[in-house]
Amino acid sequence: MQKKLWNRDFALLLQGNAVSTIGDVMYSIAIGYWVYQTTGSSALMGIMSSVSMFVTMFFSPFCGSIVDKCNRKWLIVLIDTVQAVIMLAVGALAYLNKLNVPIVLAAAFIAAFGSVFYSPAINTVMIDIIPRDDMVRGQSIHAGISSLIDLGGSAFSGAMVALFGVPLIVVINGISNLYSACTALFVHVPKTVQQKEAVTLKGTLTDSLAAAKTIISDECLRIFTPCSLLINLLGAGTLALMLPFCMEKGFSVDMYGYLISIYSTACLSAVLIFGIVKLKPKTQFWFMSIGFAMSVPCMIAAFFSRNFVFTCVFAFAFGFFNSMGNTIFNANMTLALPEKNRSGILGVFRAAGVGGSALSAVIYGFLGEFFPLYIVFSVGSALSLPLMVFMCFHPRIKRFIQSPKTFGDETA
């Protein structure tokens, strides 16, 4: 473990991942525009956006255990290279006017499947190359760069599509993935405990079951996992349905864009602050608790506000407090995962969160057909507050955050 946060491996992985993310954001805007222009179907756009979510939900628990057995460096290089080849092929078809919807959907599925392996590989490598006492700052910087790219990505990509056209944007994404693969070649990635063990169907199922047993047997994980699912179930659907919510309030499409930008700016501000400031564990606990507790009232105030300016102010406050709580929570949780089946546990945990988000969007969309969305959103958000308070102030969780140790090292 290197002593400095800004070590060579961290810098290489960070900038390679950033370039790849820029390409992905540009591609998502460009290909969505192409699909809508080609088919005129918003439903098809919805199917495309849901592919990644459902692939993640169903495959994450199994892919994580496979990552634990693989050479993560070469896995990252392989996935980036395959993504690059696919994007370059899609771009070539677009230039030749031979691109069609089935090909786009197939590319989306392959990309989503690769991402299910790529995400736990990148996340666990980050855990290994960031000094333990700088985990919050390191992960905040990583998340902050991603948030910054997402914040400016839509406007920048729209201008690029208008200026250069869809085919070139797809090719640029392929090149960005190639660059990320080349960068990863120079990163020193520590071996995992299970590396070089044979990957078999039986072994994968056994490891996934072991990860589930670890979650069930450890009191912290036993609280974190269902709370993550339920909190996402009650709250994540609000962001997925923010456009119809704005339309219902009488806000314009431009106002919707401004609102999302303000929310993203708030999230970015929080992760940047915690990427710069180094806090002691006890201070981290109180910032996390205050962040989660204050986010819900701010969100409900934004839902009930009829004035656009006030809605933006409350949305900014919600984004800042929610990001503050999540940044500290995620850093401490990943820091404490046992190395032996870290990716497997992250896969199960991620599947719970994404599954909650997917179901939330479906349920809120259905309820919005019968009730005003601001009422539906407010009730769901209010129901999530007791779960957040319980998760923060449970004695075991409080003791863990204030004195983090690997799960299972400390008796409940």
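These notes cover the structure that comes with them. For clarity, every value in this text was computed on a predicted model and none was experimentally measured.

**What to know about empty space enclosed by the protein**
Under the criterion given, the structure shown has two cavities of 30 Å³ or more. Considering only enclosed or pocket space, the largest cavity measures out at about 140 Å³ in volume. What lines the largest cavity is a set of 14 residues, and nearest its centre among them are Leu 239, Met 242, Tyr 263, Ala 315 and Phe 318. Elements supplying a minimum of two residues to the lining of the largest cavity: α9 (237-240), α10 (242-249), α11 (253-276), α12 (281-304) and α13 (308-336). Per-element tally for the lining of the largest cavity: the top contributor is α13, with four residues. Approximately 50 Å³ is the volume found for the second largest cavity. Surrounding the second largest cavity, Leu 12, Leu 13, Gly 16, Asn 17, Tyr 118, Ile 122, Ser 180, Thr 183, Ala 184 and Val 187 form its lining. Among the elements of the structure, α1 (8-39), α4 (101-129) and α6 (166-184) are those that each provide at least two residues to the lining of the second largest cavity. At four residues, the largest contribution of residues to the lining of the second largest cavity is made by α1. Residues belonging to the lining of the second largest cavity are distributed by class as follows: six nonpolar, four polar and no charged.

**Regarding unusual backbone geometry**
Within the chain, Asn 97 stands out as a residue other than glycine whose phi angle is a positive 60°. Tracing the backbone through its elements, the reader meets Asn 97 in the loop between α3 (72-95) and α4. Assessed through its relative accessible area of 72%, Asn 97 is described here as exposed.

**Here we look at the nonpolar core**
One finds Phe 224, Met 288, Phe 292, Phe 329 and Met 391 to be the most contacted residues of the largest nonpolar core, which totals 31 residues. Elements that contribute at least two residues to this core include exactly α7 (201-217), α8 (219-235), α11, α12, α13, α14 (342-367), α15 (373-393) and α16 (395-402). Tallying contributions element by element places α8 first for this core, with seven residues. When neighbours within four sequence positions are excluded, Met 288 is seen to be in contact with Gly 325, Ile 328, Phe 329, Cys 392 and Ile 401. Judged by nonpolar contacts, the second largest core, of 28 residues, contains Val 67, Ile 79, Ala 112 and Val 189.

Conventions we followed
Residues numbered from 1 in each chain as written. Predicted model: local features only at pLDDT ≥ 70, side-chain atom pairs only at ≥ 80, totals over all residues. Heavy atoms only, no water. 1 Å grid on protein atoms, 1.4 Å probe; cavity = no way out; pocket = protein on both sides within 12 Å on 5 of 7 lines; lining within 4 Å. Points joined across faces, edges and corners; volume = space filled by probe spheres on them. Helix = DSSP H or I, 4+ residues; strand = E, 2+ residues; numbered from the N terminus. Nonpolar A, V, L, I, M, F, W, Y, C, P; charged D, E, K, R; others polar. Buried < 20%, exposed > 50% of the residue type's maximum accessible area, 1.4 Å probe, protein only. Core = buried A, V, L, I, M, F, W, Y, C linked by side-chain atoms within 4.5 Å. Contact = heavy atoms within 4.5 Å.

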